[in-house]
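Examining the three-dimensional arrangement
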Amino acid sequence: MRVTLWGTRGSYPSFPTHREVRAYAESVSSETIAYVRERFHSEGGLDELRELFRRSPEEIENELSISYPPIFGGETTCIEIETSEGNVIILDCGSGIRKCAAEILKRRSETKLNEISLFGSHAHLDHRSGLSFAGICFANPPFDIQVFGCSGFLKALDARFALFSHNASESTYSDDPIDYASMSASFRGIEICTTDKEEELVDAVPWEVRDIAEPIMIGSTAVQPFMSYHGLTECLGYRIEHGGKSFVFSTDHEKLSPEMISLSNLGSEEVEKSMRVDQELVEICQGADLAYFDGQYCREEYLGRQGIGSSPAVSRVGWGHGCVEDILDRVSQTEIKRALIGHHDPERSWSGLVEMAEQLQEFSAGKDFQVELARDGLTVNL
Ligand SMILES: [Zn+2]
Ligand SMILES: [Zn+2]
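Residues numbered from 1 in each chain as written. Chains lettered and ligands numbered in written order. Predicted model: local features only at pLDDT ≥ 70, side-chain atom pairs only at ≥ 80, totals over all residues.

1. Let's talk about the pairing of strand E9 (residues 221–228)
Side chains on a regular strand alternate between the two faces of the sheet. Our working definition: Exposure in this text rests on C-beta crowding, where 20 or more other C-beta atoms within 10 Å of a residue's own make it buried, 12 or fewer make it exposed, and counts in between make it partly exposed. The C-beta atoms are placed from the backbone. The secondary structure listing takes helices from DSSP runs of H or I that are at least 4 residues long and strands from runs of E that are at least 2 residues long, numbered from the N terminus. Whether two strands pair depends on DSSP finding at least two bridges between them.
Counted residue by residue, E9 has six buried out of eight residues, so it is predominantly covered. Pairing geometry for strand E8 (residues 216–218) and E9, over three bridges, is antiparallel. Along E9, the bridge assignment pairs Met 217 with Ala 222. In sequence, E8 turns back onto E9 through a hairpin of two residues, with Gly 219 there showing a positive phi of about 60°.

As C-alpha cells, this is what we get:
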C-alpha cells in the first residue's frame, strides 16, 4: 500500500511565513553570489564558471551545496492510502483533503476509481474542515463515498451538510452555502460504536452502526478501529493491514499520568482512562511497519514551562494532545519500524520544525527503528 500525507498540521492550517521563506531565499542567493564573486576574481575562475553553467541545474545545485530544507505541514490532518488493488482509503478530511482529492481526480482516467472510503477520527474542525473543498464531492461521474467514524464525526458532517439525513436546516448553511444536494457524490455513513447502544438508538440514526471490535474490510485491507484519549471528545484511531504490512494512524491522543491531576481540572477517572487507552495503543502498535502519532508538544511546553512561538507558556494538560517524549517511549517499547510525528502545533515555526527533525534524526541513529517528523507530501510505500 502507498501512504501519502496530505495534512500534518494540528488544530489550524499554518505554513512557513513569508519572512521564513525570504530568509531562506536570501541565504541561497548570498551564498551563490559569494561563490560566483570568488571565482570571478580568481585566476582561471571564469573558465570554471563557464564550465559549471554548462551543467544541469541539479549538478549546479550540488556544486553550490544548495540544500532544500523540508517543508513541514501545512494543511490539517488528511492521509491517503492506496492499496495494491486500487482501493482508496482517506483518513480524516482536514484542509489537506483538497489537494488529496485533486490528485485522486488527476489519476482517475487511469484508475477508473468510483468508490472511496473515508475514515474520520473525531468531530473537531481541523479533521473535517476540508470536505466541501474536495473535488471528489463534486466529480462527474460521481463517487460513492462511505464515511466511517464515531457518532460525533458523523453527526458533525450531517449537521453541516445534511450528508446522511438529507434534512437540511438553517444551521446547515452557517459555515458555507454547501449541502449534500450541491454535491454529486453519494454518501453512506457507518458509525463505529464505542459503547453498547440500545436498539431504538441504533434505529434512530440515518446511518448504519457497527461495533468497534469488528474489523472493517475494504477489499483485502483490514481496518481495525481503536479508541484514542482526547478528553471528553470521542476519538478513534485505525490500524490498517494490507499485503502483510501495517500502518497505525493515531491522532489527537493524550497520555496523562497521576502527576497531571494537580496541573489541571482533571479527575483521577480521566487519568485512569487515558492511561488505559494509552496502554491499549502500545499493544495495537506492536510490530507496525509505519505509525503516525500526534506529537503537538514537547514536555516543557505541555507542562506550561515554555511557550510555543507567540503562544505563551501555559499548561496544556487536558488539551487532548500528545508529547514527543511519550512517542519516543512508545516507539522504544513496541517494534514499530518507522514512526511519523505529526499534528504539529500551528505556532511551531518552520525553523523550529527543522530543528526538531534534526534532533529526531540524531535520536534514531543506530537504532533499528526510525522516528521522524511528518510532512505534507511525504509518501511511504509499504
Ligand atoms: Zn486535531
Ligand atoms: Zn481534536
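2. Side note on the sheet that holds strand E15 (residues 379–381)
Rule in force here: What counts as an axis is a line fitted to C-alpha atoms, over the stretch in contact for a helix, and the angles between N-to-C directions run from 0 to 180 degrees. Think of it this way: build a C-beta for each residue from its backbone, and any pair within 7 Å is a contact.
One open sheet accounts for eight strands, arranged E7-E6-E5-E4-E3-E2-E1-E15; its pairing is mixed. Lying at the two open borders of the sheet, with one neighbouring strand each, are strand E7 (208–211) and E15. Pairwise comparison of adjacent strand axes, ignoring direction, gives a mean angle of 20° for this sheet. By the bridge criterion, six bridges tie strand E5 (residues 144–149) to strand E6 (residues 186–193) in an arrangement that is parallel. Bridge assignment links Gln 146 to a residue of E6, and that residue is Arg 188. Docked against the sheet, helix H5 (residues 151–161) engages E5 and E6, running at close to 135° with respect to E5.

3. Concerning the domain arrangement of the chain
The cut-off we apply is this: What marks off one domain from the next here is an automatic or database domain assignment.
According to the domain assignment, the chain consists of domain 1 (2–15 + 73–381) and domain 2 (18–63). Computed over C-alpha atoms, the centres of domain 1 and domain 2 are 43 Å apart.

4. Observations concerning the pairing of strand E13 (residues 338–342)
Among the five residues of E13, four are classified as buried, and the element is accordingly described as predominantly covered. Alignment of strand E12 (residues 290–294) against E13, held across five bridges, turns out to be parallel. Residue pairing for E13: Phe 293 is matched across the bridge by Ile 341. Looking at chain direction, E13 and strand E14 (residues 370–373) are connected through four bridges and run parallel.

5. Here's the deal with the packing of helix H1 (residues 18–40) against helix H2 (residues 45–52)
Keep this limit in mind: Oblique is the label for any angle not covered by the other classes, which are roughly parallel (under 35 degrees), roughly antiparallel (over 145) and roughly perpendicular (65 to 115). Polar here means any residue outside two lists: the nonpolar Ala, Val, Leu, Ile, Met, Phe, Trp, Tyr, Cys and Pro, and the charged Asp, Glu, Lys and Arg; Gly therefore counts as polar.
Two elements in contact, H1 and H2, have axes whose closest approach is 7 Å; the angle formed by their N-to-C orientations is 135°. By the angle between their axes, H1 is oblique relative to H2. Contact with H1, carried on its side by Val 36, Arg 39 and Phe 40, involves Gly 45, Leu 46, Glu 48 and Leu 49 of H2 and no other residues of that element. Split by residue class, the contact of H1 with H2 holds four nonpolar, one polar and two charged.

6. Focus: the sheet that holds E9
Judged by pairing direction, the sheet is mixed, and its seven strands sit side by side in the order E8-E9-E10-E11-E12-E13-E14 without closing on themselves. Every other strand in the sheet has two partners, leaving E8 and E14 as the edge strands with one partner each. On average, each strand axis in the sheet is inclined to that of its neighbour by 20°, with strand direction left out of account. Against the sheet, helix H7 (residues 268–285) makes contact with E9, strand E10 (235–242), strand E11 (245–250) and E12, and its axis sits at roughly 160° relative to E9, the strand it touches most. Across the sheet, helix H9 (residues 324–333) is in contact with E12, E13 and E14; its angle to E13 comes to roughly 165°.

7. Details of the nonpolar core
Generally speaking, nonpolar side chains in soluble globular proteins are found buried as a group. Which entries qualify depends on this criterion: We define a nonpolar core as a collection of buried residues of the types Ala, Val, Leu, Ile, Met, Phe, Trp, Tyr and Cys that are connected via C-beta atoms lying within 7 Å of each other.
Membership of the largest hydrophobic core comes to 78 residues, with the highest contact counts inside it found for Ile 79, Ile 90, Ile 97, Ala 291, Ala 339 and Ile 341. If sequence neighbours within four positions are ignored, Ile 97 has contacts with Trp 6, Cys 78, Ile 90, Gly 130, Leu 131 and Ala 134.

8. Brief notes about H9
For clarity, the cut-off: Comment: arc refers to directions from the helix axis out to C-beta atoms.
For H9, every residue scored as buried is listed here: Val 324, Asp 326, Ile 327, Arg 330 and Val 331. Take H9 and look down its axis: the buried residues cluster within an arc of 155°, on one side only. Elements in contact with the buried residues of H9: H7, E12, E13 and E14.

9. Section: the environment of Ala 288
Structurally, Ala 288 is set in the loop between H7 and E12. A tally of 24 C-beta atoms within 10 Å means that Ala 288 is categorised as buried. Between the C-alpha atoms of Ala 288 and Arg 316, which are 28 residues apart in sequence, the distance is 29 Å.

10. Here's the deal with the environment of Ala 159
Turning to its location among the elements, Ala 159 is positioned in helix H5. We classify Ala 159 as partly exposed; it has 17 C-beta atoms within 10 Å. The sequence separation of Ala 159 and Asp 179 amounts to 20 residues, and the corresponding C-alpha distance is 9.6 Å.

11. Things to note about H7
Heads up, the rule is: By definition here, a helix of n residues has an expected span of 1.5 Å times n minus one.
If you check H7, its first and last C-alpha atoms are 26 Å apart, about what 18 residues at 1.5 Å a residue would give, namely 26 Å. Within the span of H7, buried status applies to Ser 274, Val 277, Leu 281 and Cys 285. When H7 is viewed along its axis, its buried side chains cluster within an angular range of 80° and face the same direction. For H7, exposure combined with an orientation more than 90 degrees from the buried face picks out Ser 268, Glu 269, Glu 272, Arg 276, Gln 279 and Glu 283. On its buried face, H7 is in contact with E9, E11, E12 and H9. Positive backbone phi, at 70°, marks Gly 287, one or two positions downstream of H7.

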